[in-house]
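Residue-level structural notes
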Amino acid sequence: MEFTEAYKQTGPCCFSPNSRYVAVANDYRLVIRDTFSFQVVQLFSCLDRISYIEWALDSEYILCGLYKKPMIQAWSLTQPEWTCKIDEGPAGVSYARWSPDSRHILTTSEFQLRLTVWSLLNTACVHVQWPKHGSKGVSFNKDGKFAAICTRRDCKDYVNLLSCQSWEIMGSFAVDTLDLADLEWSPDDSSIVVWDSPLEYKVLIYSPDGRCLFKYQAYECGLGVKTVSWSPCGQFLAIGSYDQMLRVLNHLTWKTFAEFLHLSTVRAPCRAAIFKEVDEPLQLDMSELSLDDNFMPSNYDASEGYISVRYEVMDLPVALPFQKPLVDKPNPKQGVGLLAWSKDSQYICTRNDSMPTALWIWDMQRLEVAAILVQKEPIRAAVWDPTCTRLLLCTGSSHLYMWTPSGAFCVCNPLPGFSITDLKWNIDGSCLLLKDKDAFCCATVPPLPESSDYSSDD
């Protein structure tokens, strides 16, 4: 892997959908860099500090959320002189997103009073009253023709279906939830999944015309659903719960065909490879060298030498680090808080928040755990390569951690003082964006060979 130099940032950073640009928030300024040369190609000045940025799907426009102001500003890369400002007045703006056609912006007001669709073509706007959430509760189908929007009126939750061409309400139906948490279209656009708040375990599958296809409730009288995700192929629905279990439903009968439990102790006959991150100090004698302090890398310890890390394959049984959640505080750190599918839908990775340093990788063909990565620090983010079966994760250290079906290994970031707290792929899987607290860099990622021979010692 090759790394760029570090560049300053004070907020969100993201690749454009066409992977040609990277947008960076730097206080009041929006900086657009070319992903090949990393030269600044556009610089836009906003009216306040940037809290959020989002590219339009055609990569021609980009919006900035100035939520402290509160207002939205949008910019065009092809027409730098073009500007757009959206101000809801006293209603405020709590969130903004692009429509699939890249020519409309959807904003949600403070206190969820209304959702407004703003047109960039004719300055027209359409209002949807009483949206349920600010940043959640809106989902577009795959072809971008329809939007499903959660609303609440008369103490009941509803799903409104809007046409993304005319923005007229095509239909509306009530859903059987006490306090709807979110919804999501299936990848094949045949159904919509709706799930309730953590206080009520309830997952509902609806057809677009409002028919309830299936109601799933794993248990009662306990904290319920924490994460929900469709597989890219659309055949599986994964549900992570507060009871530390991952359940997978199939799209034909909507029955549970797999249940995976995150155990604190892994015993035989488990066939999973368990990789544990361990220090590997390199004893270098530098006593006779005269080096400037700036020369030393960030992970150099004078008492131990240069610190590197590697994965060590553990023998069973293995006791995983476990944190007992506090019962007297809200939002307990337990249950499946991170859940992500691989591109081919064969693998799914999870993190049980009671064991924040362990990442579980499940094989959906064999219906068993394929690998467990045990880190020294809590896992901040884990993302799959959008083009192949490769998983990268970070823990706030200076290292990247990578897993493929052939093994796991660690990559050191050579930038001094750079701790990786978040990471994002571009759409073609050739480049990775790495974030520190006040800086970012990018890394080029070579494609996987046909027969990968990576091992934990690489």
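Structure shown above.
Read on for an overview of the structure.

Calculation rules
Residues numbered from 1 in each chain as written. Predicted model: local features only at pLDDT ≥ 70, side-chain atom pairs only at ≥ 80, totals over all residues. Heavy atoms only, no water. Salt bridge = Lys/Arg side-chain N within 4 Å of Asp/Glu carboxyl O. Helix = DSSP H or I, 4+ residues; strand = E, 2+ residues; numbered from the N terminus. Core = buried A, V, L, I, M, F, W, Y, C linked by side-chain atoms within 4.5 Å. Buried < 20%, exposed > 50% of the residue type's maximum accessible area, 1.4 Å probe, protein only. Contact = heavy atoms within 4.5 Å. Pairing = 2+ DSSP bridges. Disulfide = S-S within 2.5 Å. Polar contact = N/O pair within 3.5 Å; in protein donor to acceptor, adjacent residues only side chain to side chain.

A few words now on the pattern of salt bridges. Summed over all chains, the structure comprises 19 salt bridges. With a shortest N-O distance of 3.8 Å, Glu259 and Arg247 are connected by a salt bridge. In this pair, Glu259 is assigned in strand E26 (residues 256-261) and Arg247 in strand E25 (residues 245-250), connecting sequence segments 12 residues apart. Note that Asp353 is salt-bridged to Arg351, the shortest N-O span being 3.0 Å.

Core analysis: the biggest nonpolar cluster contains 23 residues, and Leu246, Val248, Leu320, Trp341, Ile348, Trp360 and Ile372 have the highest contact counts within it. Ignoring any residue separated from it by four or fewer positions in sequence, one finds Val248 in contact with Phe236, Leu237, Ala238, Lys255, Thr256, Phe257, Ala258, Phe260, Trp341 and Met364.

Quick look at the pairing of strand E19 (residues 180-185) now. The buried fraction of E19 amounts to five of the six residues, a majority that puts the element mostly inside the structure. Across five bridges, E19 lies against strand E20 (residues 192-196) in antiparallel orientation. Directly across from Leu183, in E20, lies its bridge partner Val194. Where E19 folds back onto E20 in an antiparallel hairpin, the turn is made up of six residues, including Asp189, whose phi is positive at roughly 65 degrees.

Scanning the entire structure with this criterion turns up zero disulfides. Looking at the unpaired Cys46, the closest cysteine sulfur is the one in Cys64, lying at 4.0 Å. Left unpaired, Cys233 is separated from the closest cysteine sulfur, that of Cys349, by 16 Å. Classification of Cys233 as partly exposed rests on a relative accessible area of 38%.

Before going further, it helps to examine the side chain of Thr227. In this structure, Thr227 sits in strand E23 (residues 225-230). A distance of 3.0 Å separates a polar side-chain atom of Thr227 from the backbone oxygen of Val336. With residues up to four places along the chain from it excluded, the contact list for Thr227 reads Ala238, Ile239, Gly240, Val336, Gly337 and Leu339.

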